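Letter by letter, the chains look like this.
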Number of protein chains: 2
Amino acid sequence: MTAFLDNLREYLKDIKDQDLKKAVAEIPINELIEIWDDLDEEEELKLFRILDLERKVDLMDTMPVSKQELLIRSLTSEHAKALLAEMDPDDLADFIQSVSPEVRESVWNALEDEAKEEALLLLKYDYDDAAGLMTTRYLAIRPNLKVAQALAWVRRNMQNVETVYYIYVLDPLKRLIGIVSLRDLMAAADDDLVQNVMVKEVITVFQDTDQEEVAKILETYDLLALPVVDHYHRLLGIVTFDDIIDVIREEQTEDIYKMSAVSASRETYLESSVFALVRRRIPWLIILLLAATITTNVIAGYRHVLEAAVVLAFFIPIVTGTGGNSGTQSATLMIRGLATGELRLQDLWRIIGKEVLVGMLIGISLGILTVLRAILLPPEVTFNEALAVGTAMVFVVIVATLVGALAPLAISRLGLDPTVMAGPLMATLIDVSGLTIYFETAKLLLRVM
Amino acid sequence: MTAFLDNLREYLKDIKDQDLKKAVAEIPINELIEIWDDLDEEEELKLFRILDLERKVDLMDTMPVSKQELLIRSLTSEHAKALLAEMDPDDLADFIQSVSPEVRESVWNALEDEAKEEALLLLKYDYDDAAGLMTTRYLAIRPNLKVAQALAWVRRNMQNVETVYYIYVLDPLKRLIGIVSLRDLMAAADDDLVQNVMVKEVITVFQDTDQEEVAKILETYDLLALPVVDHYHRLLGIVTFDDIIDVIREEQTEDIYKMSAVSASRETYLESSVFALVRRRIPWLIILLLAATITTNVIAGYRHVLEAAVVLAFFIPIVTGTGGNSGTQSATLMIRGLATGELRLQDLWRIIGKEVLVGMLIGISLGILTVLRAILLPPEVTFNEALAVGTAMVFVVIVATLVGALAPLAISRLGLDPTVMAGPLMATLIDVSGLTIYFETAKLLLRVM
């Protein structure tokens, strides 16, 4: 691939536009996409300008908005107009929503009237609703056509639609009354009626169905596309599987950010300003910090114990750290189980039973390990001190495991999102109970009153 | 939905099988899937037995293996045989790999010869390779057919294939030489040759391509299916988009587990034994605990500082906790950016620049907040002590932010997986440097020698 890139670079340097165009037309689109990331900005622009329209669109499809914006700005207004006319209306609407205001205006002016109309319709809806994902370019037929007529009609009308594989059957009021796949249509007898071949139990979503829900439905039924209807059951558009795959990736990023207490953003990291990055991170850090300051009071309450045995302070980070790690593990298994529907609140007692046993086994193992580590390696501590830390570790892990499992379940029971809420609640509970257990155990074993 | 469920329950209690069958046949499959989770085991089995074959398969498709196993065991061997014959070969191979050994044997004996052959072929491959995902039921034609002949052939041979929308063009040695979508075939002139209509630059994967890579390729090109070839370019099978969506979900779960230091597993939580759960969790807890014990030595090194001002111990958890939280945020942004391809190692200096600024802004804010909290709320501390904690917090956050950003980049540079490796490395570095900064700042401000 690098040799290929080097060759291309040579080309870009001294070849005439005409010859370059011919040479580039030979490069398969997948190789273009692959090398694109390695080009610098100047090379990108030079190469992009001479691509034919179809490849321009294919390439644009794989890029973040900031790149798309850069490329579109580099074109003459005539070329930009042609390119925009080729984009799918749903991608176009997304693009218009995401670009900077200056570019938005010139893009808008470059649109054909029909494209403006389609984009306006789609822009009315929320970005993360079914309607925000849908395209209005689908095939729709009447129920009283014969199969052969329908097939001939599909063949004549297949340009400019996003998929030809599902054909939607509408009544005169544009209400969706059935759906027939191209496959079923081809399998049917030529003179049968569409209404006898179509599936009448159509699985639909509403215009305001959340995109995550839309994804789940499409996944459950392994569909290529889902029709979006309004509350009169009129067909507004369809959401295709490729947009759903994007949604699943997006939600995945969001979930991972939530778990790390970072707010999601539609901007990429490099696009984001420093202030935007601070805004995405600081709110949860403040909440977590304030919640954690309770630990200050807990430790202060054991001041006399610490003064009697300052060694106890050495082990504070491993007590809170190990508690936090075990709690996070349990919480993650619960949150993921709830999200995939594998765990339900009815399973509560089975979960508690399992987590108590798991916590005991892990706690005892880590407790023994802690005692051994404390005795064998520096800093030097007495056997009783080591035993106090190890014993505390057993109970800290058991409690942390249980808290980690119960916090997400409790929060989910309240109808809140456990992914976000479990973090600070769990961390504080585990730290406070962990430190209390630790100092109480130490008091007992070291006979500090 | 609950009213509907209640009605169904009434039915199940006292209706005769014959009448129940008729009543259930009226329920749309999507409603069945939706209420299924709420049924108890007895109800499930009763209902499942009387469903027609097609709905049995549809329903099975949406369930975890443990449920599938339960349902299949409840059928007479004759009914089980009919059901297995209807399953897609790739789903069947997965099922055979996942069920318990007793069931596996009886399932195997129930298979038709052709199904055994297909399953054997698929079972040769790794579960998470392209070949482990593929189906062998695709449409393949010769390049010298006319379009009209090809269309007629497709219509005659569309039963029992997974998709009819992509048709693969093979030479006499079964090598893949082109692909034509049903759409393009329908758009072409009847007497044109397939070889003139087909796309020759076929995007393929090898039998041993990792499933994550397969998913990325299918996503990039928005394909319905990807052909899997061997190293002679012979077509082995195809991977369809619905299996890819499952892969994306699976990888998502794996990533989230990795971030929380839990090993992934193909068993669900409730299916797993306590020992299996311990095995999934304890290895990373041990590694993290051992790495964290370095903090014990760090604090022990400042024993005299602690003895002079035991108050400093009160703030240890918020110093390590806030450091950990800020580090995790940076690390997550990096890991996600690397995974989506949005960030590259070449961007290193821009990333460092941004993270230093972000760390400074967040550090100063949290430092001020810490001083205010320490002065205003109990436990009582001197102004100098509060200032020491707050000042340390500024530097701890800056260092943690940088370490959090650099650890994943460094690990990824070494060719290792940052999702797993970044955790312990980062946590230890942040705790050690955080505590050192904390005690050094305190020594300076509190004038302890």
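Keep in mind that this is a model prediction, so the values were computed, not measured. (Residues numbered from 1 in each chain as written. Chains lettered and ligands numbered in written order. Predicted model: local features only at pLDDT ≥ 70, side-chain atom pairs only at ≥ 80, totals over all residues. Heavy atoms only, no water.)

A. Representation of the overall build of chain A within the structure. Broken down by element type, chain A carries 24 helices and six strands. For chain A, the C-alpha radius of gyration of 31 Å lies well beyond 22 Å, the compact-globule estimate for 449 residues. Taking the principal axes of the C-alpha coordinates as reference, chain A spans close to 90 × 65 × 40 Å. Residues counted as buried form 54% of the 449 residues belonging to chain A. In chain A, once contacts between residues fewer than 6 apart in sequence are set aside, the share between residues at least 24 apart is 65%. As displayed, chain A offers around 19,900 Å² of accessible surface, 55% of which is attributable to carbon and sulfur atoms. Within chain A, the 68 negative side-chain charges are centred at a point lying 2 Å from the centre of the 41 positive side-chain charges. (Helix = DSSP H or I, 4+ residues; strand = E, 2+ residues; numbered from the N terminus. Rg over C-alpha atoms; globule rule 2.2 N^0.38 Å. Buried < 20%, exposed > 50% of the residue type's maximum accessible area, 1.4 Å probe, protein only. Contact = heavy atoms within 4.5 Å. Areas by Shrake-Rupley, 256 points an atom, 1.4 Å probe, with all protein chains shown as cover. Lys, Arg positive; Asp, Glu negative; His and termini not counted. Charge placed at Lys NZ, Arg CZ, Asp CG, Glu CD.)

B. Structural detail: the environment of Val194 of chain A. Residue and element names in this part refer to chain A. You can see Val194 is positioned in helix H14 (residues 194–197). When the C-alpha atoms of Val194 and Leu133 are compared, they prove to be 28 Å apart, with 61 residues separating the residues in sequence. The residues touching Val194, leaving out its near neighbours within four places in the chain, are Ile141, Arg142, Pro143, Leu145, Lys146, Ala150 and Val169.

C. Looking closely at the interface of chain A and chain B. Contacts between chain A and chain B engage 120 residues on the former and 120 residues on the latter. Together chain A and chain B conceal approximately 11,000 Å² of surface at their shared face, both sides included; 66% is due to carbon and sulfur atoms. Counting the contacts that link chain A with chain B gives six salt bridges. Here Glu355 of chain B makes a salt bridge to Arg281 of chain A, at a shortest N to O gap of 2.6 Å. The tally of links between chain A and chain B comes to 37 residue pairs in polar contact (both at pLDDT 80 or more). (Buried area = accessible area lost by both parts, 1.4 Å probe. Salt bridge = Lys/Arg side-chain N within 4 Å of Asp/Glu carboxyl O. Polar contact = N/O pair within 3.5 Å; in protein donor to acceptor, adjacent residues only side chain to side chain.)

D. Molecular detail of the relation of the copies chain A and chain B. You can overlay chain A on chain B at an RMSD of 0.1 Å; the transform is a turn of 180° with a shift of 0.0 Å along its axis. Taken together, the rotation and translation describe the operation of a two-fold axis. Here 100% of the contact residues of chain A are again contact residues in chain B; the copies associate through an equivalent surface. (Least-squares fit on C-alpha atoms with pLDDT ≥ 70 in both.)

E. Focus on the sheet that holds strand S2 (residues 166–170) of chain A. Residues and elements named next belong to chain A. Read across the sheet, three strands follow the order S1-S2-S3 without closing on themselves; strand pairing throughout is mixed. Among the strands making up the open sheet, the edge pair consists of strand S1 (139–141) and strand S3 (176–181). Between one strand and the next, the sheet's axes are offset by a mean angle of 30°, whatever the strand orientation. Sitting on the sheet, helix H12 (residues 147–156) touches S1 and S2, and the angle it makes with S1 is about 150°. (Pairing = 2+ DSSP bridges. Axes fitted to C-alpha atoms, helices over the stretch in contact; angles between N-to-C directions.)

F. Highlighting the nonpolar core. Judged by nonpolar contacts, the single largest core of 182 residues is most densely connected at Leu182 of chain A together with Leu182 of chain B. Leave out the neighbours within four places in its chain, and Leu182 of chain B touches Tyr165, Leu182 and Met186 of chain A together with Leu151, Val154, Val164, Tyr165 and Ile167 of chain B. If you look at the next biggest cluster of nonpolar residues, it comprises 107 residues, including Ile318 and Leu333 of chain A together with Ile282 and Val311 of chain B. (Core = buried A, V, L, I, M, F, W, Y, C linked by side-chain atoms within 4.5 Å.)

G. Expanded view of the pattern of salt bridges. What the rule picks out here adds up to 17 salt bridges over all chains. A salt bridge links Arg234 of chain B to Asp230 of chain B, with the shortest nitrogen-to-oxygen separation between them at 2.8 Å.

H. Molecular detail of unusual backbone geometry. Phi is positive for Lys174 of chain A, which is not a glycine, with a value near 70°. Mapped onto the fold, Lys174 of chain A is located in the loop between S2 and S3.

I. Examining the packing of helix H21 (residues 316–340) of chain A against helix H22 (residues 348–376) of chain A more closely. Residue and element names in this part refer to chain A. Axis separation between H21 and H22 bottoms out at 12 Å; the angle between their running directions is 150°. Between H21 and H22, the crossing angle belongs to the class labelled roughly antiparallel. Regarding H21 and H22, the two cross each other, and that crossing is right-handed. Packed against H21, whose contacting residues are Ile318, Thr322, Ser330 and Met334, the element H22 presents Ile351, Glu355, Leu366 and Thr370 at the interface. Partitioning the contact of H21 with H22 into residue classes produces four nonpolar, three polar and one charged. (Parallel < 35°, antiparallel > 145°, perpendicular 65-115°, else oblique. Left-handed = near helix turned anticlockwise from the far one by under 90°. Nonpolar A, V, L, I, M, F, W, Y, C, P; charged D, E, K, R; others polar.)

J. Representation of the packing of aromatic side chains. What the rule picks out here adds up to eight aromatic pairs over all chains. Considering the side-chain rings of Tyr302 of chain B and Phe439 of chain B, the 5.0 Å spacing of their centres and the 15° angle between planes classify their relative orientation as stacked. One end of the pair, Tyr302 of chain B, is in the loop between helix H18 (294–301) and helix H19 (303–308); the other, Phe439 of chain B, is in helix H24 (residues 418–446), with 137 residues separating them in the sequence. Judged by its relative accessible area of 10%, Tyr302 of chain B falls in the buried class. Take Phe439 of chain B: its relative accessible area is 0%, and that puts it in the buried class. Of the aromatic side chains, those joined through ring pairs into one cluster are Tyr302, Tyr438 and Phe439 of chain A. One Lys or Arg, Lys56 of chain B, reaches over the ring of Phe48 of chain B and ends 5.9 Å from the middle of that ring. (Phe/Tyr/Trp six-rings, centres within 6.5 Å; stacked < 30°, edge-to-face > 60°. Lys NZ or Arg CZ within 6 Å of the ring centre and 35° of its normal.)

K. Fine view of the sheet that holds strand S3 (residues 176–181) of chain B. Residue and element names in this part refer to chain B. Within the open sheet, the three strands sit side by side as S1-S2-S3. Their pairing is mixed. A strand with exactly one partner marks an edge of an open sheet, and here the two such strands are strand S1 (139–141) and S3. Ignoring strand direction, the axes of neighbouring strands in this sheet form an average angle of 30°. In the sheet, S1 pairs with strand S2 (residues 166–170) via three bridges, with the strands oriented parallel. If you follow Ala140 over to S2, its bridge partner there is Tyr168. In this fold helix H12 (residues 147–156) packs onto S1 and S2, with an angle of close to 150° to the strand it touches most, S1.

Purely spatial values, then, with no claim about function.
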